Amino acid sequence: MGHGKQSIYDYPLYYDILFGWNRDAESGFYDAAFRHYGVPPGGRLLEIGVGTGQVALRLAGRGWQVTGLDVRPDMLSFLKAAAGQAGLSIRTVCADMTGFTLKQPQDGAYCPLSTFRILESDEAALSHLRAVAGVLRGGGVYVLDLAFRAETEAAHEPPAEQWAMRRGGVEVRTDAEKVYVEDAASGRRLTLEAGWGGSPALRPYGSRAFVNLLDRSDAFTLEAWHPEAGRSREGISIFDVQRPGPLPMAGRGMAVLRRAAGAA
Ligand SMILES: C[S@@+](CC[C@H](N)C(=O)[O-])C[C@H]1O[C@@H](n2cnc3c(N)ncnc32)[C@H](O)[C@@H]1O
């Protein structure tokens, strides 16, 4: 938003294709984690940065009452249409994740794919954490998919993964800095900003910096960390709710946060 150049986020269909690998394992982890950490099954869940809602749709299909929050109305329209087609009901809220309120308190929240690291400063991250705490009931759980880097690493991360996806006559591929679209049906060829690589890149965190931020928020405590437990043959990350571990210096995992009792 606001960078002038067109980004993959301006094209929900192409975003949906590029991020349309099998998201079952990831969704299954959220489902299991909310139950494991005491969220009543079928309760209200909020997805932060829901995009086209591939995870939200799966969780709604498992009986959760899902609300998806995103700053981009086109993403939410795409999600609404997909939910309608699937016969599922998902509430959508168009708002910035650094400041929002909801009418109904939520039992849990989650934020896939390091979207938290889109926030560019401590101030933005703190106001996000406080906003999430403000809509969660006491004792509610916030699960964040995060990738840490070692604090000794150079300021610039190594290039993120490159991948390509196809659906119908459309190919969407990324080299982490840019996204390249070839749409045979419309004859369209686009080069778009990736938004998670290049500039602005996702903000890097060491695990210590993340824990310091949580302490400063007065909103959440870290209940558990579930490191990536392996990868499927297709290269898809697997997480195991039965296997928490110590916070690593670097690597991807799911951070389970508990809303502090006295959070505003
Ligand atoms: C990497 S995508 C993740 C989408 C979805 N959660 C998924 O797993 O496929 C990040 C999403 O965050 C949204 N986003 C970016 N900045 C935001 C902000 N400040 N507030 C709310 N949403 C934001 C983008 O529009 C985009 O849909």
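Refer to the structure printed above.
Definitions and cut-offs
- Residues numbered from 1 in each chain as written.
- Predicted model: local features only at pLDDT ≥ 70, side-chain atom pairs only at ≥ 80, totals over all residues.
- Heavy atoms only, no water.
- Pairing = 2+ DSSP bridges.
- Helix = DSSP H or I, 4+ residues; strand = E, 2+ residues; numbered from the N terminus.
- Axes fitted to C-alpha atoms, helices over the stretch in contact; angles between N-to-C directions.
- Buried < 20%, exposed > 50% of the residue type's maximum accessible area, 1.4 Å probe, protein only.
- Right-handed = clockwise from strand over helix to strand, strands pointing away.
- Salt bridge = Lys/Arg side-chain N within 4 Å of Asp/Glu carboxyl O.
- Parallel < 35°, antiparallel > 145°, perpendicular 65-115°, else oblique.
- Left-handed = near helix turned anticlockwise from the far one by under 90°.
- Contact = heavy atoms within 4.5 Å.
- Nonpolar A, V, L, I, M, F, W, Y, C, P; charged D, E, K, R; others polar.
- Expected span 1.5 Å × (residues − 1).
- Arc of directions from axis to C-beta.

### Observations regarding the sheet that holds strand 5 (residues 136-148)
- One open sheet holds the eight strands; their spatial order is 3-2-1-4-5-12-10-11, and the pairing between them is mixed. Across the chains shown, the open sheet's two edge strands, defined by having one partner strand only, are strand 3 (91-94) and strand 11 (237-239). Strand after strand, the sheet turns through a mean of 25 degrees between neighbouring axes, direction not considered.
- Note: strand 1 (residues 44-48) against strand 2 (residues 65-70), five bridges, orientation parallel. Paired with Leu45 across the strands is Val66, a residue of strand 2.

### Notes on the pairing of strand 2
- Within strand 2, five of the six residues are buried, leaving the element largely enclosed by the surrounding structure.
- Of the strand pairs in this sheet, strand 2 and strand 3 are connected by four bridges, and their pairing is parallel. By the bridge assignment, Leu69 is partnered in strand 3 with Val93.
- Note on the crossover from strand 2 through helix 4 (residues 73-86) to strand 3: the handedness is right-handed.

### What to know about the pattern of salt bridges
- Applying the stated criterion to the full structure yields 15 salt bridges.
- For Arg58, the salt bridge goes to Asp24, with nearest N and O atoms at 2.7 Å. Of this pair, Arg58 sits in helix 3 (residues 54-61) while Asp24 sits in helix 2 (residues 24-36); the two residues are 34 residues apart in sequence, bridging distant segments of the chain.
- Asp24 gets classed as partly exposed once you look at its relative accessible area, which sits at 43%.
- Measuring nitrogen to oxygen at the nearest pair gives 3.0 Å for the salt bridge that ties Asp122 to Arg203. One end of the pair, Asp122, is in helix 5 (residues 122-135); the other, Arg203, is in the loop between strand 9 (188-193) and helix 6 (207-217), and 81 residues separate them in sequence.
- The partly exposed category is assigned to Asp122, whose relative accessible area is 26%.

### Overview of the packing of helix 2 against helix 3
- Packing of helix 2 against helix 3 brings their axes to within 9 Å, and their N-to-C directions diverge by 55 degrees. The angle between helix 2 and helix 3 falls in the class oblique. Where helix 2 crosses over helix 3, the two elements pack in a sense that is right-handed. From helix 2, Asp24, Glu26, Ser27, Tyr30 and Asp31 reach across to helix 3, where they touch Val55, Arg58 and Leu59.
- Taken together, the residues of the contact of helix 2 with helix 3 break down into three nonpolar, one polar and four charged.

### Some details on the side chain of Glu26
- Within the secondary structure layout, Glu26 lies in helix 2.
- Contact partners of Glu26, with chain neighbours within four places excluded, come to Trp21, Val55, Pro112, Leu113 and Met254.

### Topic: the sheet that holds strand 6 (residues 163-167)
- Judged by pairing direction, the sheet is antiparallel, and its four strands sit side by side in the order 6-7-8-9 without closing on themselves. One side of each edge strand has no neighbouring strand; the edge strands of this open sheet are strand 6 and strand 9. Strand-to-strand twist of the sheet, defined as the mean angle between neighbouring strand axes without regard to direction, takes the value 15 degrees.
- As judged from the five bridges shared by strand 7 (residues 170-174) and strand 8 (residues 178-183), these two strands associate in the antiparallel manner. Its bridge partner being in strand 8, Thr174 is matched across the sheet by Val179.

### Let's talk about helix 4
- Helix length check: helix 4, at 14 residues, gives a terminal C-alpha distance of 20 Å against a target of 20 Å (1.5 Å per residue), a fit within 8%.
- Residues of helix 4 that are buried: Met75, Leu76, Leu79 and Ala83. Viewed end-on, helix 4 has its buried residues packed into an arc of 95 degrees, placing them on one side of the element. Exposed positions of helix 4 whose direction lies more than 90 degrees from the buried face are Gly84 and Gln85.
- Its buried side turned inward, helix 4 meets helix 1 (12-18), helix 3, strand 2 and strand 3.
- Once helix 4 finishes, Gly87 follows within two positions and takes phi at roughly 70 degrees, a positive value.

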